[in-house]
Every structure is written in C-alpha cells, then in structure tokens.
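# What the coordinates show
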Amino acid sequence: MGLRIHTISAEKEIRGGGGGRSGGILAAMGSELGPGRLGPIDESLSSRYSEWIREALEEIPDNFLITDPSISGHPIVFASRGFLKMCGYPREEVLGRNGRIFQGPGTDRRSVSEIREAIRQERSVQISLLNYKKDGTPYWVLFHLCPVFGKEDGRVTHFVSVQVPISTSSRVLGSGPWRNWSDIVGDSSIMREIVFGSCRREVCLDSVGELSRSLPFDSYVDSDNRGLEAEESCEASDSEKQKAATAINNILSTLTHYSELTGKVVTGKRCSSIGIVTLSSSLTISLGRIKQSFVLTDPYLHDMPIVYASDAFIKLTGYSKHEVLGRNCRFLQGPNTDVEAIRQIREGIETAQSCTVHILNYRKDGSSFWNFLHISPVRNASGKVAFYVGVQIDEDSKDDHRGLSPEMRQLGAVGAVKVAVRSSSMGVGSSSKS
Amino acid sequence: MVSVKQFDDDYCLLKQNSGSEPSKCSGVPWRGNGNGIPFYCLGTEPVRGNDARGNDAYRASSCHAEEEQSLLDSLLLAQWEDRAWKGPLKYDVTNCEMKFISGSRKLIAQLNEEWKSTYFPELAEYNVLQSFDPFKFNCMKTFREELLFCVARGEKAKSELITSTILPNDANLVILNANPVEYGHVFIVPINFYNPPQFLDLRSLELAAQVAIDINNCSFRVFYDYHASSRVNSSYFQACYFANPLPVELVPVVPVIGNWQERGIHIFEVSDYPVKTLMFKGKDNFNMLVALVSEICSSLQDRQIPFNLLISECSTKMFLFPQVRALSADACNLSAWECGGHFVFRARRDFDPASEESLVKRLAAISLDSEGFQAVKQMSCSIASELSS
C-alpha cells in the first residue's frame, strides 16, 4: 500500500503550515506583474537564448515553468504545453504571474517556505507539493526547482521548475478525514501515466474552524471552502524523482545550447569557486577555528558536492582545495573500499541520521588509510538540514590530544559546526504578508 | 589540600595533608563504570590566547578567527553531541525553527513545541534530597547519562583535562539539560548542591565565569536566574550556545562615570531597552568584575529582588536584569535569555503571529520602574566605588 497515517504529526503539520507566512513560492520576490505586460517577459528568454528558444522548449514534453528572478515579482516567463494542460490555465493567464497562483489552502506552508529558501539560496530543491488546477481541483506534484547560472558572472538568470504529477498505486476507502482523498487522486489521467507511487498522507482531524483561524486565507484567490483537505504530504516514487531530474537535465542542456548562440552562456552548475562564496564569511570564519579534518557537503546541489573542506582535510588527503570543492566525496574511495561501508553512509544520509563507519580511503598519491568517519546532518536556523558534515580520523594516527580522545575531538567538531551553521540563514519573519 | 591515592578504579582512598576534620576536605568518590569521569581542572592562570590572565593580561574577548577551538569548548560540545546522538535528550533542538521578529530590535523567536522549562532540582528529584551524604552520593547513578563532565579549580597554572574517579568537594557538575533551549544547553551545578550555599556567591560566579573564559567561544553564554522564591534553590548556572547575538547585546549603552574606571571596570546603562538593564564590563580586571557583580547580586538577594544575569563575550560582559517582584504565585519571572531577547514558543499559532510589540510588552512588564532601577543603579555604583577605593 505504501500508505501510512500519522495523526499526531498531522496535527503538527497543520500548525506548521497554518500560520506560515502567506504568499507563494516566489512571492517573496515582490508583487506580481499583470498578465498584460508581456514586454520584458518575452524578452527574458529571447535576449539570452535567441529567438528560437521558445520553439525548442516547446519540443520538450515535460511539465515545466521558467521564471525570471530579475524581473519584479519573479514572474513566469515560459510555461510548457504539458504544464498548461495539467493545470488547465490558458497561457496568457500564466505568463507574467507568480508561481503561487497554483497554490491553495491545502498547500503545505512549510514546503512553500522550503522552496522560497532554495530560491533565496539559489540552489536546487525537490519536494512534493499540492497544487490546484484552474477549476480548483488539487493535485500532487513532485516539484523540482533548479537555478540557471550565467557562466560569466555566476549570477542566476532563471529558475526552471519541473512538475511531475505524483501517482498513487493505492486508493483510500472510507469517509471522515479521508473523504477528500478520492477527489485528489480520483481525478486526472495524468496519474495513470506513472505506475508506481507511494503516498503518505497526514490526516487532519482538526475542525474547519480551527483551520480557518490558523491559515492565511487572504493569500489565496480561492473563494470556495476547499480548506478541508488541509495538509497532506505525498511521497514521490523513485521513478518520478528520476523523471523530474531527467527533465531538468533536458531543459538545462537546451538552454545551454541556445545560450551559446547569443554568447551569454548559461550553466546548471555553480562554479565551485562561486559555490564556496555562498557560505557566509562569518560561517567560514567560525568553521576555520575547527582544526579537525572535515568537509561540509550540500545535499541540495546535484551529487552532494563538497562546499567546505578544512585545512586538516587537505593535509590528510593530499588534494588541494580547488580539487575537492564541488566534487562528491567518493573520490576518496578506491579499489578496496568496502561497499558495505558506503551503503551505511548512504543509509545515514537518506534517513538524515548521524552515523560512524570505518572505511578504507585513498589519498591523492594513491596510498590508503583507514578512515574512522562520522557523518551527521547539520541544520540551519529554520531547522532544515543545510549540510552534511563528515569528520575524518586517520586510524593510524589515533592519539589523545590535550586529554581528548580522537572520538571526542570528532564529536566536538560536529558540535562546533552545528553551532556555527545554526547562526547562518536566520530569516526575518513577520505576521504581515511577505 | 587533598591528595588522593587511588586504590583501584572503583574506589579511592583519601589522604589529607592537613589534619582537619574529614567532612570538610574530603573528595567525593566517583563510583562509575570504572573509567572515571572527564574532569576539567581550571588553571590558576587561565589562558586567553597565549596570555596568562593576570590583572593586566586579561584581555577583551577574543574569539579570534585564527584561534583554535579551545579544549573546554571541544569537551563540552563533544559530550553534548555524544548525548544528542545516543542519549537522553528529549528532542533535537537544531530541528527548531528560529527567526528574527520583524522590527528594529531583532528579537529572536524559536518554535520549540517540546520545550518545557526545568529547574534543576526537578532533574534530581528522584535523588534523596533530605539525606544527602557526599560519601554516598553517586553521580553516575543519579545523573547517569546527563552528567557530561566535572569542572573545578586546579592547582596547575594551565587548565587541563584528566580522567578522575575522585571529585573534590568544590567541583561543579556540568549536566545536560534534557529540554534544551539551544544547542549545548547545560546546568552548571555545585557538587554540594544540596548543602548551602543556596545563593550565588563569589566562588560560584567566579567558577562559572572562568568556564566561559576557557570555552573562549563567543556563542557561549552563561545564565543565572534568581527568582526570589524560597522554594527554588538558586545556586546553579545554566549555559548554552546562542549562535546569534542576543538582542540586548546589540543595544547602545550609556556609561556611568565613577572611580571604578581607573580599575578597569566599566558600568553601563543599557539605553532604550524594554527591561531596564545594567551592563558591567571588565576588559582588564576579571577578578574585580567578578567581585563587583557577585557583591551586587548578593545585595539583591538580601533584598529579595529577583534578577537575571547574562554573561557573554567570554566573561568580559555581564548584563544584570533586575525584575519586579512577582505579585502573585502564578506570575512568573522571565529567564535570563528571555530578558536578553530570545523567546521560545511552544505552539506554531503563537510563533507565527509573534510581534515585536507584544514581546516588548512582556519584557517591559517585568522591568523595574525608574525609581526602583535608580536605586539598584546607585547601590551598584556605591559597591563599585567602595571596591575601587
């Protein structure tokens, strides 16, 4: 079935979503542009990717949007045919508008703020989201957002967001809190496209009255009382995740190709030198005090690259900083590295748990060492996982230092990283509309 | 002093150099798992950077970027992270969302749905409070997982970390707060907690402040709350890491002029803050700063005036928040971090709409009025003046 009910967490989710700041995904960027003003909207794509870009994008069958953060209101500048079909809006009602028009009362505020944060930090995010069609029907999508960077200045030119409908292989029977479920999944031929899917639904038992008090309804265009669905969350299957990632890659390569025509080349990847700049200087300073060998990796960037490497890590592995930044840690592995250890690491990361493994690693010169590796998720001020920290200990040089065992120094470094990262990215919130 | 001869891992025999009565000078045997407990001995000349802390060498808060994480900082964070990973924490506080409340004051709000305020004695309630006997007291049994390490004044010039099965009578236990308000939240509790002194005195303030110096991390803050309630034993401190500056630390201050400045002590009035607050700064004279603040605190305790103390910037700054006496039993005093501008909300419905206006009101409600504050200020100045002359 793949269907689980979490009543308690549902209540949390309600509260979590309930009072979240209003405004949609991209609302933080400013006010919307009216649908009539298409001048800068049209130019947004053609000036960078040439006149032919629209035709080329139309060839791509996936459901996706392209938005331009440099225009006030962060409006949609392109909507694919598949997307328009899915949401039921005509093109002219979508272009120039902000992406939040597809959200409704059941859209999880936390997911929305997660997306908003990804936009602010100019990074990718993949998340399940409840959207609404023009006729008001809610539907689940796997929302995959990815920034497009100008190669020359490293600035974000556009965001691409692919939306893969999430299917479910199971149906829920019954009444009460479930009654709206069939509305959500019963609809839509899109659901049938995809064979596998597992959905997790957080049931809400709160009364409608409770909800209307806590949800910022004024942020929605909705006039009817569809507040009943409240917050559900829905897990996409691996094939759906893959589908979204493939679509992103297709679109990025199309954009890259056409950008070459204008000479203003774009890329989906932040250059590593720019990537490290995104760590605030105060964070880098705090991290610099930690003398252990450790790296931070960014789980939101493609392939979880290293975004910070300590001097001791450079010394331990023999690589230089520019050789490790932007790369996945697997370059430390070699022919005799145990796959079981790698599996444990992956499992820890997938479940966002700390783990310790003994793993055979290789230095740049090819020599190997036993690495007593501790990996832990590190959360930012919003309570979201911002990085994973990996602290290495070379087992051959294990000795106490100032009375602290290597294991204690390792955890001491983890704690210091957690304190430092918690100070970063703390936002200003208010009860007013954002 | 006490010298210790070790019998085996589990038990130690005390041998005293002086012939005084045993109850005074004996240590508390640690009968744990045989490995002993991490025991941090504060150096008689704690170092800040490479300078010994003499009267002159005691320098302003450093937290230098190049400076290595200190031994005590590593120890506390390591032990805390270890417990966070496997141990008795009720929740992961780094999961909690935080934000600045919009407005000029940058007040900090944290959504922490599982938080519950704990006074230290609650933690130890299952211990036999009435018949406390240091010789039978078994830390491992009482605090089992919460005890992170011990700290006490050492005899060597430099601070050091040892493993000990014996704890001196003046040791302090650093105990995990299972309901943390921030990362690294601990209680610093005297080992003779169930004996007098019940209040803050020079020795205990000195020790807590020295811990903050040795931690040498600007995120680290030490707190003391005096609620003026006879039921609450007030002889312990709390501490944790606040990644961001507390709002009160950013508010402009107005110096109060006096002869104490010649001795390197500065007294400030925090201007334009909802709680009328005094700030004491001793860049160059740690001993005097501690003597002054502890003397002021004792005087407030004598008068049963509730107050909070916030020690920041590696013990170079101490904020004193005198509070009005709670009129009823239900009226609760604020804790030191609340006075500093950090608020914990247990429900999303309160967290999201929290406004600067409402929080300022909450702070102002516990502040002394001008007259009361002037009295505290004058008292502080006369103590400072006396100490300086």
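Residues numbered from 1 in each chain as written. Chains lettered and ligands numbered in written order. Predicted model: local features only at pLDDT ≥ 70, side-chain atom pairs only at ≥ 80, totals over all residues. Heavy atoms only, no water.

Moving on, we get to the overall build of chain A. From N to C terminus, chain A includes 15 helices and 12 strands. Across the 434 residues of chain A, 57% fall into the buried class. Long-range pairs, those at least 24 residues apart, make up 62% of the contacts in chain A between residues at least 6 apart in sequence. (Helix = DSSP H or I, 4+ residues; strand = E, 2+ residues; numbered from the N terminus. Buried < 20%, exposed > 50% of the residue type's maximum accessible area, 1.4 Å probe, protein only. Contact = heavy atoms within 4.5 Å.)

Across all of its chains, the model carries 27 salt bridges over all chains by this definition. Across the salt bridge formed by A:Arg343 and A:Glu340, the nearest N and O atoms sit 2.8 Å from each other. Remark: A:Glu340 and A:Arg343 occur in helix 14 (residues 339–350); sequence separation between them is 3 residues, near one turn of the helix. Using a relative accessible area of 38% as the deciding quantity, one classes A:Arg343 as partly exposed. Residue A:Glu340 is classed as partly exposed on the basis of its relative accessible area of 33%. Among the salt bridges present, the one from B:Asp352 reaches B:Arg348, with a minimum N-O distance of 3.3 Å. When sorted by exposure, B:Asp352 lands in the same class as B:Arg348, which is buried. It is possible to trace a salt-bridge network through shared partners that takes in B:Arg153, B:Asp170, B:Arg203 and B:Glu206. (Salt bridge = Lys/Arg side-chain N within 4 Å of Asp/Glu carboxyl O.)

So, about the environment of B:Trp80. Residues and elements named next belong to chain B. By secondary structure assignment, the location of Trp80 is in helix 2 (residues 71–86). Taking the relative accessible area as the measure of exposure, Trp80 reaches 1% and is therefore buried. The sequence separation of Trp80 and Tyr183 amounts to 103 residues, and the corresponding C-alpha distance is 8.4 Å. Look past the residues within four positions of Trp80 in its chain and what remains in contact with it is Leu89, Val93, Leu148, Leu176, Pro180, Glu182, Tyr183, Gly184, His185 and Val186.

In this assembly, 41 residues from chain A lie in contact with 46 residues from chain B. Of the roughly 3800 Å² buried where chain A meets chain B, counting both sides, 55% is carbon and sulfur surface. Three residues, A:Arg289, A:Arg422 and A:Met426, lead the burial of chain A against chain B; their summed loss comes to 22% of the area buried on that side. Taken together, the connections running from chain A to chain B amount to 3 salt bridges. For the salt bridge of A:Lys418 with B:Glu81, the shortest nitrogen-to-oxygen distance reads 3.0 Å. Of all elements in the fold, only helix 1 (7–18), helix 11 (281–288), strand 9 (355–362), strand 10 (368–379), helix 15 (406–423) and strand 12 (428–429) of chain A reach the threshold of two or more residues within the side of chain A that touches chain B. (Buried area = accessible area lost by both parts, 1.4 Å probe.)

Strand pairing in a sheet is mediated by backbone hydrogen bonds. Such pairs are either parallel or antiparallel. Residue and element names in this part refer to chain A. Read from one edge to the other, the open sheet built from 5 strands follows the order 8-7-11-10-9, with strand pairing classed as antiparallel. Both outer strands of the open sheet, strand 8 (306–309) and strand 9, are each paired with one neighbouring strand and no more. Strand-to-strand, the axes of this sheet are offset by a mean angle of 30°, without reference to chain direction. Seen against the sheet, helix 15 touches strand 7 (293–297), strand 10 and strand 11 (385–392) and runs at an angle of roughly 35° to strand 10. (Pairing = 2+ DSSP bridges. Axes fitted to C-alpha atoms, helices over the stretch in contact; angles between N-to-C directions.)

Let us look at the side chain of A:Gln163. All names here are of chain A. Relative to the helices and strands, Gln163 resides in strand 5 (residues 156–165). Accessibility expressed as a relative area gives 2% for Gln163, which makes it buried. Side chain to side chain, Gln163 and Asn131 meet in a polar contact 3.1 Å long. Other than its neighbours up to four places away in sequence, Gln163 contacts Asn63, Leu65, Phe83, Met86, Asn131, Val141, Leu142 and Phe143. (Polar contact = N/O pair within 3.5 Å; in protein donor to acceptor, adjacent residues only side chain to side chain.)

What follows covers the confidence of the model for chain A. Residue and element names in this part refer to chain A. Within chain A, residue pLDDT values average 74, and 71% of them lie at 70 or more. Counted against residues more than four places away or in other chains, residues 272–277, with its pLDDT under 50, gives 7 contacts. Note that pLDDT drops below 50 for residues 430–434; the model gives that stretch 12 contacts with residues more than four away or on any other chain. (pLDDT = per-residue confidence, 0-100.)

This part takes up the confidence of the model for chain B. All names here are of chain B. In the predicted model, chain B carries a mean pLDDT of 79, and 75% of its residues have values of at least 70. This stretch, residues 1–26, has a pLDDT under 50; its non-local contacts, to residues over four places away or in other chains, come to 39 contacts. Overall, residues 47–66 carries pLDDT values under 50, and its contacts beyond four positions in sequence, including any with other chains, amount to 59 contacts. What the predictor reports for the complex is a pTM of 0.64 with an ipTM of 0.84.

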